[in-house]
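Breakdown of the fold
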Amino acid sequence: MIPSPRMKSLTVFLLLCSTPLLAAQDSQTGSQHFTVENNVAVPMRDGIVLRADVLRPAAAGKFPVLVYRTPYGKDAAQQEYSTFQHAVERGYAVVIVDVRGRYHSDGDFRPYENEGRDGYDTIEWAAGQPWSNKAVGTFGLSYPGAVQWLAAVENPPHLKAMVPAMTFSTPQNFFYAGGTWDMSWMEWIWDNIAWDTRVKKNLPGPRTYQEALAAWKVEGPKMLNAEPLMDVPQLQQVAPFYFDWLRHPAEDPWWDWSELRNKYDRAHAAVLNLSAWYDDNYGPEGTTTNYAGLLKARAGEKDARTYLLLGPWVHGVGSTGKTKSGEREFGPSAAIDYDNVVLSWMDHYLKGIENGVEREKPVRYFVMGANQWRDSDVWPPPGRTTQFFLAPAARGARVGGLAAKPAGGAESFSAFVSDPANPVVNECESSGAHDYRKLAERADVVTFDSPAMENDIEVTGPIHAHMFVSCECRDLDLWVRLEDVSADGTAFNLMSPGLDVLRASYRDLARGRQWLERGKVYELDLTNLITSNVFLKGHLVRVQISGSFYPNFSRNLQSGKSEVDSAEMKKARIRVYHDTEHPSQILLPVIRRAD
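Residues numbered from 1 in each chain as written. Predicted model: local features only at pLDDT ≥ 70, side-chain atom pairs only at ≥ 80, totals over all residues. Heavy atoms only, no water.

**Remarks on the overall build of the chain**
The condition that has to hold: The helix count covers DSSP runs of H or I at least four residues long, the strand count covers runs of E at least two residues long, and both are numbered beginning at the N terminus. Radius of gyration: C-alpha atoms only; globule rule: 2.2 Å multiplied by the number of residues to the exponent 0.38. When accessible area is computed with a 1.4 Å probe and restricted to protein chains, residues below 20% of their type maximum are described as buried, those above 50% as exposed, and intermediate ones as partly exposed. Whether two residues touch is decided by their heavy atoms; if any such pair falls within 4.5 Å, the residues are in contact. Accessible surface area values rest on a Shrake-Rupley calculation with a 1.4 Å probe, where residue burial reflects the displayed protein chains alone.
Scanning the chain for helices and strands turns up nine helices and 26 strands. Computed over its C-alpha atoms, the radius of gyration of the chain comes to 24 Å, within 12% of the 25 Å expected for a compact globule of 595 residues. Seen through its principal axes, the chain has C-alpha atoms that stretch 80 × 60 × 40 Å. Per-residue burial for the chain yields a buried fraction of 61% across its 595 residues. If you take every contact in the chain between residues at least 6 apart in sequence, the share linking residues at least 24 apart comes to 77%. Of the roughly 22,100 Å² of accessible surface on the chain, a fraction of 50% belongs to carbon and sulfur atoms.

Quick look at the structure:
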């Protein structure tokens, strides 16, 4: 089963943490009563009308405005999340909008494509209302996080602050990952989008969320197993945009409408970047990339007005109030008060309140294993790159080693057969940390373990896997999973799938697809891996390598054909080299601490 789709609505749990940005403050609520206007028309520049609910304090006056834009239904959002009411209680007007083509709003829904222009128009509309003091902020997680960035790079003049949580930096690690197609889009569309579209267009099939969930149990496996990927008739009428996406490979300039990395100088709001180690793959990469991009664009400014917050959670607002991700418990300090994080940021940058935000270090991250928060002036924190070289398994053993020095001697490699028709399957149905020790038993997975740690070792920041591989095939996917193995054998993954994959034909994405020569050795660099984890004394560092990880991402056919429009699969033998000339290795950012 594929892990949960990229948006889950979960109840916010309000828990305490230790710093001004994370801790609950004394109540600033005043009256619990506020005014509500439902389905207020918000005109867009092309004449399409969106509709919003507007919440305002009962007292007369002009207020800073918070805008929240969602494809999941503004009515449902107000039932799910407490942030709106808390914002009004702290003196904000709140505008909650159904995006174009969803629920109460007019127009045709094409995910993300209209959100830049529509976001700009909505923000400027909010600034021009008689109850607005013209200072506007935005917040939200996942799709409601993405719409903030897409609007911000359009440079709306009245956008002063934003909290985009658990969202992306580039389509190349959002729609795709390392050149592979993200298969969770089908379930996202089926669960969240398709049923409402059927109602609007009077199409057959599930017409409620509950019916969609039930139908996925039957239709989901058919859709996930479809080859080629275009052969999914279940989505043809309800989601034509999905097939438009598939027609554009990862390197296609068509995707520039969703690319942020070349546009940070266009965004001028104060930005709190928030994600989690077990967020969907695009989250931790996107958040750290966006943070770094803003710093570079704002170099020389006295206050860069950007902050980075990374916790140990899975995807979703509700997860930020929990202390467990998957099977891994992180203790009471792991939970934060999401509402207060958002509103403290807004209080400082929209109201000018000196509430401690201005005194905090710009980076705060949670170290798993140690189960502690750390503060830093920079990301990544200062550390030393430590190399772990792949070493061959001893005669008769299945598991190779990770060594401080490369193996010497002549050509040496570990080999496995990758079969797209029988891929390595992710058996875990949810996101978060899970015990993947059984993968080491598969013949199509090669495993390498370090010696037991003699002391606790903290690894925090970007991780680089530098691998030498060859294949009797035109293409392959290389999955390099990093795991923390405890004394009892539990092997926890340290990030979500998708950060740890590279399609070999996309080893230089800017040059487009470059097919492999059979038998030639290639250097492949995986640079999106990222985590913060202490490998405790007695634990092992494990690296697991495979050619697939299904059904999270599309299978490489290994035939030189694209899975988008072909079903021609080829079983192939893959070699991973570890010798003097080909020192495959994983480079870990090890943090030295005086304590």
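**Notes on the sheet that holds strand β3 (residues 63-70)**
Counted only if it meets this: Pairing between strands is defined by DSSP: at least two bridges between them are needed. Axis geometry follows a simple rule: fit a line to the C-alpha atoms, using only the stretch in contact for helices, then measure angles between N-to-C directions, giving values from 0 to 180 degrees.
If you trace the ten strands from one edge of the open sheet to the other, you get β1-β2-β4-β3-β5-β6-β9-β10-β13-β14, paired in mixed fashion. A strand with exactly one partner marks an edge of an open sheet, and here the two such strands are β1 (34-43) and β14 (372-376). Averaged over all pairs of adjacent strands, the angle between their axes in this sheet comes to 20 degrees, without regard to strand direction. Strand direction decides the pairing type here: strand β5 (residues 132-141) and strand β6 (residues 159-165), joined by six bridges, are parallel. Bridging from a neighbouring strand, Gly140 pairs with Pro164 of β6.

**So, the packing of aromatic side chains**
Condition: Here the aromatic set is Phe, Tyr and Trp, taking the six-membered ring for Trp, and pairing holds for ring centres within 6.5 Å; pairs whose planes are under 30 degrees apart are stacked, those over 60 apart are edge-to-face, and all others are tilted.
Within this structure, the stated rule accounts for 46 aromatic pairs. On the basis of an interplanar angle of 50 degrees and a centroid distance of 5.2 Å, the ring pair of Phe241 and Trp245 is categorised as tilted. Of this pair, Phe241 and Trp245 both sit in helix α7 (residues 240-246), four residues apart, which is roughly one turn of that helix. You can call Phe241 buried: its relative accessible area is 2%.

**Some thoughts on the packing of helix α3 (residues 115-127) against helix α4 (residues 143-152)**
The condition that has to hold: Oblique is the label for every angle not falling under 35 degrees (roughly parallel), over 145 degrees (roughly antiparallel), or within 65 to 115 degrees (roughly perpendicular). Only Asp, Glu, Lys and Arg are considered charged, only Ala, Val, Leu, Ile, Met, Phe, Trp, Tyr, Cys and Pro nonpolar, and every remaining residue, Gly among them, polar.
Two elements in contact, α3 and α4, have axes whose closest approach is 7 Å; the angle formed by their N-to-C orientations is 80 degrees. Of the possible angle classes, the one that applies to α3 and α4 is roughly perpendicular. Where α3 approaches α4, its residues Glu115, Gly116, Gly119, Tyr120 and Ile123 are matched on the opposing element by Tyr143, Val147, Leu150 and Ala151. Partitioning the contact of α3 with α4 into residue classes produces six nonpolar, two polar and one charged.

**Side note on the state of the cysteines**
This is how it is decided: Pairs of cysteine sulfur atoms within 2.5 Å are identified as disulfides in what follows.
Counted by the stated rule, this structure contains one disulfide. Here Cys471 engages in a disulfide with Cys473; their sulfurs sit 1.9 Å apart. Between Cys471 and Cys473, the S-S dihedral sits near 125 degrees, and the bridge is therefore right-handed. With relative accessibility at 3%, the residue Cys471 sits in the buried group. Take Cys473: its relative accessible area is 0%, and that puts it in the buried class.

**Considering the packing of helix α5 (residues 184-201) against helix α6 (residues 209-225)**
Filter applied, for reference: Each crossing is labelled by how the near helix is turned from the far one, with a counterclockwise turn of less than a right angle marking it left-handed and a clockwise turn marking it right-handed.
In the contact formed by α5 and α6, the axes pass within 10 Å of each other and the chain directions differ by 150 degrees. Regarding α5 and α6, the two cross each other, and that crossing is right-handed. Here Met186, Glu187, Trp190, Asp191 and Trp195 of α5 come into contact with α6, specifically with Tyr209, Ala212, Leu213, Ala215, Trp216, Glu219, Met223 and Leu224. Across the contact of α5 with α6, the residue classes tally to ten nonpolar, no polar and three charged.

**As for the environment of Ile574**
Along the chain, the position of Ile574 falls in strand β25 (residues 572-577). Distance in space between the C-alpha atoms of Ile574 and Cys471 is 4.6 Å, their sequence separation being 103 residues. Discounting residues that sit within four places of it in the chain, Ile574 has contacts with Ser414, Ala415, Phe416, Ser418, Ser470, Cys471, Leu476 and Gln558.

**Comments concerning the confidence of the model for the chain**
What counts here: Confidence scores per residue from the predictor, reported as pLDDT, run from 0 to 100.
Taken as a whole, the chain shows an average pLDDT of 94; of its residues, 94% reach a score of 70 or greater. For the stretch residues 7-20, pLDDT sits under 50, and the model shows 52 contacts to residues farther than four places along the chain or on other chains. Contacts from residues 22-31, a stretch scored under 50 in pLDDT, to residues over four places away or in other chains number 26 contacts.

**A closer look at the environment of Ser275**
The condition is simple: By the criterion applied in these results, polar contacts are pairs of N or O atoms within 3.5 Å in which, for protein atoms, one can donate a hydrogen and the other can accept it, and in which residues neighboring in sequence qualify only through two side-chain atoms.
Secondary-structure assignment places Ser275 in strand β9 (residues 270-278). Each C-alpha atom of the pair Ser275 and Met166 lies 4.6 Å from the other, and the pair is 109 residues apart in sequence. A distance of 3.3 Å separates a polar side-chain atom of Ser275 from the backbone oxygen of Gly283.

**Section: the pairing of β25**
Where strand β17 (residues 413-418) meets β25, six bridges bridge the pair, whose relative direction is antiparallel. Paired with Ser418 across the two strands is Ala572, which belongs to β25. Pairing analysis gives three bridges linking strand β19 (residues 457-471) to β25, with the strands arranged antiparallel. Across the sheet, Cys471 pairs through a bridge with Ile574, a residue of β25.

**Describing the side chain of Ser532**
Among the structural elements, Ser532 can be located in strand β23 (residues 522-535). Ser532 has contacts with Trp277, Tyr365, Phe366, Val367, Met368, Glu458, Val459 and Thr460, leaving out every residue within four places of it along the chain.

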